[in-house]
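What follows is the residue order along each chain.
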Amino acid sequence: DGGITQSPKYLFRKEGQNVTLSCEQNLNHDAMYWYRQDPGQGLRLIYYSQIVNDFQKGDIAEGYSVSREKKESFPLTVTSAQKNPTAFYLCASSIGSDTQYFGPGTRLTVL
Amino acid sequence: ILNVEQSPQSLHVQEGDSTNFTCSFPSSNFYALHWYRWETAKSPEALFVMTLNGDEKKKGRISATLNTKEGYSYLYIKGSQPEDSATYLCAAWGDYKLSFGAGTTVTVRA
């Protein structure tokens, strides 16, 4: 089955910790994206990658970092510099400007 | 960032009734407009990708129209059913990324 997976589903972080959210796809898509959703708001773009070994900051990149060493994988690290990390995080992939396919999401809570 | 706005923020519709709502986006340098349906506890799912002015797409009881010259798209739900309850997101493509609106949450009452 082709698809996009995210893990873990729920994640708890202590103040000052870095945590990494996993995103894997087997759709052979070149482009991958990370979004954040807060209550009452739309999806906001954190980082995106059009091709392996290349990525760009989205609209709210501060306090986050990514890597794209493999086509299938686009992990997101939430660093201690992110002041308000509690949110729902969605990963997506696509072929260019075509339909984006979303993973099931990770809900991150800061304790 | 492309400024994408959706209205209304939420609406309630009686089962069997039809409804529609709006997405507005910058008309300059338009490339593509996406619609997604996001049901509770699920991932957003694509409904339509639209690129041509005047385009109209249909999927079952849901349809969408696109006006790129004035920068708006309508989503229509005909004969609403409880399973249509979801948040509907629109997004405009530009600079290799999508900019999303805040969504319209539709609740269908039996």
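The structure displayed is predicted, hence computed values, not measured ones.

### Observations concerning the overall build of chain A
Here's step 1: Counting its secondary structure elements, chain A contains 0 helices and 11 strands.
Here's step 2: Across chain A, helices and strands are ordered from the amino to the carboxyl terminus as β-β-β-β-β-β-β-β-β-β-β.
Here's step 3: For 111 residues, the compact-globule formula gives about 13 Å, and the C-alpha radius of gyration of chain A, at 13 Å, lands near that figure.
Here's step 4: Across its three principal directions, the C-alpha atoms of chain A cover 35 × 25 × 25 Å.
Here's step 5: Of all 111 residues assigned to chain A, the portion counted as buried reaches 50%.
Here's step 6: For chain A, the share of sequence-separated contacts (at least 6 apart) that also reach a separation of at least 24 residues comes to 51%.

### Overview of the pattern of salt bridges
Here's step 1: Taken as a whole and assessed by the stated rule, the structure comprises 7 salt bridges over all chains.
Here's step 2: One salt bridge in this structure joins D38(A) and R36(A), with 2.8 Å as the shortest N-O distance. This pair shows no difference in class: D38(A) is buried, exactly as R36(A) is.
Here's step 3: A salt bridge links D84(B) to R61(B); the shortest N-O distance between them is 2.7 Å.

### Some remarks on the packing of aromatic side chains
Here's step 1: Under the defined criterion, the tally for this structure stands at 14 aromatic pairs over all chains.
Here's step 2: Measuring from ring centre to ring centre gives 6.0 Å for Y47(A) and F55(A), while their planes differ by 80 degrees; the resulting arrangement is edge-to-face.
Here's step 3: Y47(A) sits in the buried class, given a relative accessible area of 7%.
Here's step 4: Feature note: the residues Y33(A), Y35(A), F102(A), Y36(B) and F100(B) constitute an aromatic cluster, connected by ring pairs.
Here's step 5: When the ring centre of F74(A) is taken as reference, the NZ or CZ atom of R68(A) above it lies at 5.9 Å.

### Focus on the sheet that holds strand β1 (residues 4-7) of chain A
All names here are of chain A.
Here's step 1: Reading across from one edge, β1-β3-β8-β7 is the order of the 4 strands in this open sheet, with antiparallel pairing throughout. For this open sheet the edge positions go to β1 and β7 (64-66), each flanked by a neighbour on one side alone. Averaged over all neighbouring strand pairs, the angle between strand axes comes to 20 degrees, with direction disregarded.
Here's step 2: As paired elements, strand β3 (residues 19-25) and strand β8 (residues 76-78) share 3 bridges and run antiparallel to each other. The partner of T20 across the bridge, within β8, is T77.

### Digging into the state of the cysteines
Here's step 1: Evaluation of the coordinates by the stated rule reveals 2 disulfides over all chains.
Here's step 2: A sulfur-sulfur separation of 1.9 Å characterises the disulfide bridge that pairs C23(A) with C91(A). Between C23(A) and C91(A) the sulfur-sulfur dihedral comes to about -75 degrees; the bridge is accordingly left-handed. Separated by 68 residues along the polypeptide, C23(A) in strand β3 and C91(A) in strand β9 (residues 87-94) bring together distant segments of the chain. With respect to burial, C23(A) and C91(A) carry one shared label: buried.
Here's step 3: Note on cysteine connectivity: C23(B) is disulfide-linked to C90(B), with sulfurs 2.0 Å apart. The sign of the S-S torsion, about 80 degrees, decides the handedness of the disulfide formed by C23(B) and C90(B): right-handed. Here C23(B), found in strand β3 (residues 19-24), pairs with C90(B), found in strand β9 (residues 86-94); they are 67 residues apart in sequence, far enough to count as distant.
Here's step 4: Under the relative-accessibility criterion, C23(B) is labelled buried at 0%.

### Some thoughts on the interface of chain B and chain A
Here's step 1: The partner chain A presents 21 residues to the 18 residues of chain B that form the contact.
Here's step 2: Buried surface at the junction of chain B and chain A, summed over both partners, amounts to about 1,600 Å²; 63% is from carbon and sulfur atoms.
Here's step 3: Considering only the surface of chain B that becomes buried against chain A, W38(B), K97(B) and F100(B) emerge as the three largest contributors, covering 29% of it.
Here's step 4: For the pair chain B and chain A, the number of links is 1 salt bridge.
Here's step 5: Here D59(A) ties to K97(B) by a salt bridge, and the two come within 3.7 Å at their closest N and O atoms.
Here's step 6: At the junction of chain B with chain A, the criterion picks out 4 residue pairs in polar contact (both at pLDDT 80 or more).
Here's step 7: Residues of the side of chain B that touches chain A, tallied by class, amount to 13 nonpolar, 3 polar and 2 charged.

The rules behind each value
- Within every chain, residues take consecutive numbers counted from 1 along the sequence as written.
- Going through the entries in the order they are written, you letter the chains from A and number the ligands from 1.
- Reporting in this predicted model follows two pLDDT cut-offs: at least 70 for local features of residues, and 80 or more for side-chain atom pairs to be given and counted; totals over whole chains, interfaces and linings ignore these cut-offs and use all residues.
- To get the side-chain values, take all heavy atoms of the structure and skip hydrogens and water.
- Secondary structure elements are defined from DSSP: runs of H or I of at least 4 residues count as helices, runs of E of at least 2 residues count as strands, and each element is numbered from the N terminus.
- Values of the radius of gyration come from C-alpha atoms, whereas the globule rule sets the reference at 2.2 Å times the count of residues to the power 0.38.
- Categorising residues by exposure relies on relative accessible area from a 1.4 Å probe, with only protein chains included: less than 20% of the type maximum marks a residue as buried, more than 50% marks it as exposed, and the intermediate range marks it as partly exposed.
- Between two residues, a contact is recorded if the distance between any of their heavy atoms is within 4.5 Å.
- Within this document, salt bridges are pairs made up of a side-chain nitrogen of Lys or Arg and a carboxyl oxygen of Asp or Glu, the two lying within 4 Å of each other.
- Aromatic pairing here means that ring centres of Phe, Tyr or Trp (its six-membered ring) are within 6.5 Å. Orientation follows from the plane angle: under 30 degrees is stacked, over 60 is edge-to-face, and everything else is tilted.
- Cation placement over rings: the criterion is NZ of Lys or CZ of Arg within 6 Å of the ring centroid and within 35° of the ring normal.
- Any two strands between which DSSP finds at least two bridges are classified as paired.
- Lines fitted to C-alpha atoms define the axes, with helix axes restricted to the stretch in contact, and inter-axis angles between N-to-C directions lie between 0 and 180 degrees.
- Cysteine sulfur atoms are paired as a disulfide whenever they fall within 2.5 Å.
- Note on definitions: buried area is the accessible-area loss of two parts on being combined, 1.4 Å probe, summed for both.
- By the criterion applied in these results, polar contacts are pairs of N or O atoms within 3.5 Å in which, for protein atoms, one can donate a hydrogen and the other can accept it, and in which residues neighboring in sequence qualify only through two side-chain atoms.
- By the convention adopted, Pro, Cys, Tyr, Trp, Phe, Met, Ile, Leu, Val and Ala count as nonpolar, Lys, Arg, Asp and Glu as charged, and the other residues, Gly among them, as polar.

In short, geometric facts, not functional conclusions.
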